[in-house]
Amino acid sequence: MTFHLVASLQTPGHFRTAWRLPHADPLATFDVAHFRRLARTADEVGLDAIFLGDAPAIAADIGAQPANGIDPLVLVGHLLAGTERVGGLVTSSATYNSPYNLARRFQSLDLVTGGRAAVNIVTTYNPAAAANFGLPEPLDKATRYRRAHEFLSVVTRLWDSWEPGALAPDKASGRYADPARIHGPAHEGEFFSVAGPLPLPHGPQGRPVVIQAGGSEGGLRLAGDFADVVFTVAQTQAKAVAFRDDVHARAVAAGRSASQVKVSLGVIVLVADSEEDAARRTEELYATLPIDDLARSTLAALGLPDHSLDDPITAAELPEIPVSETGSVGFQVSTRALVAEHPMSARELVRHSAGAAGGHRLLIGTAAQIADDLEAWWRAGAADGFTIMYADTAVDFDRFAHRVVPLLVERGLFAPAPVGVTLRERLGLAHPHRQRADEAS
Ligand SMILES: Cc1cc2nc3c(=O)[nH]c(=O)nc-3n(C[C@H](O)[C@H](O)[C@H](O)COP(=O)(O)O)c2cc1C
């Protein structure tokens, strides 16, 4: 058995202030050649997929740091055209899309890329997005997840619109397709009314791979019912193991097999030459961060706005989750588990997660130390694979690809996939059981 590896292309890195370092190109976020280089490297070393996150709104802190701007679906189509085997994972919002458009786009991406497409369905917690779609304020979280559930039920049935054999052109008789074998979902629900069918047959994967990344109750229910892959955040091994067990149990309760839901754990890597290089680069990156501001927003996100920046936060002080409608429950649960094991101050928390309020684990070390860590977490049952994020993408992306990946291959932990295999196959996911599109899921 081996684990999967997904590479986040977030630029300039998980330290979004890394654009200020002397070697950085501050415009890389909008440079397609930069993304092409990353995608080609990921493809060459045989990573399973690249990941492009997204939110349909400008970032509130754009005055200080770059954020994703290019539409990731447009970008991924371009990037995968220049590669042979790497998959493309793209975030799309169930709150700000219609099921028909999204189903058609990802079915098309699957065809265009020869079976390498995946959609990360999120409900979008950025409140600024609502105003771009005619809403005076965001829908509450429970409603967003109810909508996402109905959304994925419609999307998956749209993907199944064409039965096998529906497309059978016969030049002699003049029959091109069999309309009796092409069905729309004819869906009428709380949020959507969608007749269908899609105007194209399914792609090589049967259905694009579906990812879910929310850690709240609504997110986990969505994962159990629909996800092939679950993105998650964990600062402690115990939390990660418990989360994976929970996801598996929910899949089984939904009548699915635990082995058909893969948990991909986010981890930020800083790949150092030596202990000295690790210390120097870490301090250099921390120096770009507005630590006090970030510590204050960390405290606000945790529901402790009046806490001192330097006194350790203990689990007992933390209010009940969820603290707010807009924040991420997944990230709050992870931070709570961290301070329960290691009480630390808000300033230390910011350093611990590369500047993101209560974000992903920052793993600093040499290539061998990083390989050891990933191996230990994987052997403990914390994940089926990792979504690798980079402290400073300009440095750590190549170092991970050329120093850490060969060690993982050598140890039999990671196997570069052969060309001509779909993303589903390389992740060990079955071709989805075909269901008649007019049958409710
Ligand atoms: C690895 C990872 C990647 C994520 N990528 C995105 C993203 O690109 N866009 C987004 O809006 N949310 C993203 N999220 C956040 C979740 O989708 C979710 O919206 C958020 O955690 C709030 O929901 P929750 O309260 O259910 O956790 C990501 C989460 C994780 C763990």
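Structure first, text after, so check above.
All of these numbers come straight from a predicted model, not from anything done at the bench.

**Quick word on the overall build of the protein chain**
In terms of regular secondary structure, the protein chain is built from 13 helices and 13 strands. A compact globule built from 441 residues would reach a C-alpha radius of gyration of about 22 Å, and the protein chain, at 22 Å, matches this within 12%. Along the three orthogonal principal directions, the C-alpha set of the protein chain runs to about 75 × 45 × 40 Å. Counting across all 441 residues of the protein chain, residues that qualify as buried make up 55%. Partitioning the contacts of the protein chain with sequence separation of at least 6, the portion at a separation of at least 24 is 77%. Positive and negative side-chain charges of the protein chain, numbering 39 and 51 respectively, have mean locations separated by a distance of 5 Å.

**Let's talk about the pattern of salt bridges**
Counted according to the given criterion, the structure contains 24 salt bridges. The salt bridge partner of Arg-351 is Glu-283, with a shortest N-O separation of 2.9 Å. Of the two residues, Arg-351 is situated in helix α10 (residues 346-352) and Glu-283 in helix α7 (residues 275-286); the sequence distance between them amounts to 68 residues. For Glu-283, a relative accessible area of 43% gives the class partly exposed. Linked by salt bridges that have partners in common, Asp-273, Asp-277, Arg-280, Glu-284, Arg-399 and Arg-403 make up one network.

**Some thoughts on the site of the ligand**
Around the ligand, the surrounding shell holds 22 residues, and the nearest of these are Lys-141, Tyr-145, Ser-216, Ser-328 and Val-329. Take Lys-141: an N or O atom from its side chain is 2.3 Å from an oxygen atom of the ligand. For the ligand, whose accessible area on its own is 620 Å², the fraction buried by protein is 92%. For the shell around the ligand, a count of residues per class yields 8 nonpolar, 12 polar and 2 charged.

About the criteria used
- Residues numbered from 1 in each chain as written.
- Predicted model: local features only at pLDDT ≥ 70, side-chain atom pairs only at ≥ 80, totals over all residues.
- Heavy atoms only, no water.
- Helix = DSSP H or I, 4+ residues; strand = E, 2+ residues; numbered from the N terminus.
- Rg over C-alpha atoms; globule rule 2.2 N^0.38 Å.
- Buried < 20%, exposed > 50% of the residue type's maximum accessible area, 1.4 Å probe, protein only.
- Contact = heavy atoms within 4.5 Å.
- Lys, Arg positive; Asp, Glu negative; His and termini not counted.
- Charge placed at Lys NZ, Arg CZ, Asp CG, Glu CD.
- Salt bridge = Lys/Arg side-chain N within 4 Å of Asp/Glu carboxyl O.
- Near = heavy atom within 4 Å.
- Polar contact = N/O pair within 3.5 Å; in protein donor to acceptor, adjacent residues only side chain to side chain.
- Areas by Shrake-Rupley, 256 points an atom, 1.4 Å probe, with all protein chains shown as cover.
- Nonpolar A, V, L, I, M, F, W, Y, C, P; charged D, E, K, R; others polar.

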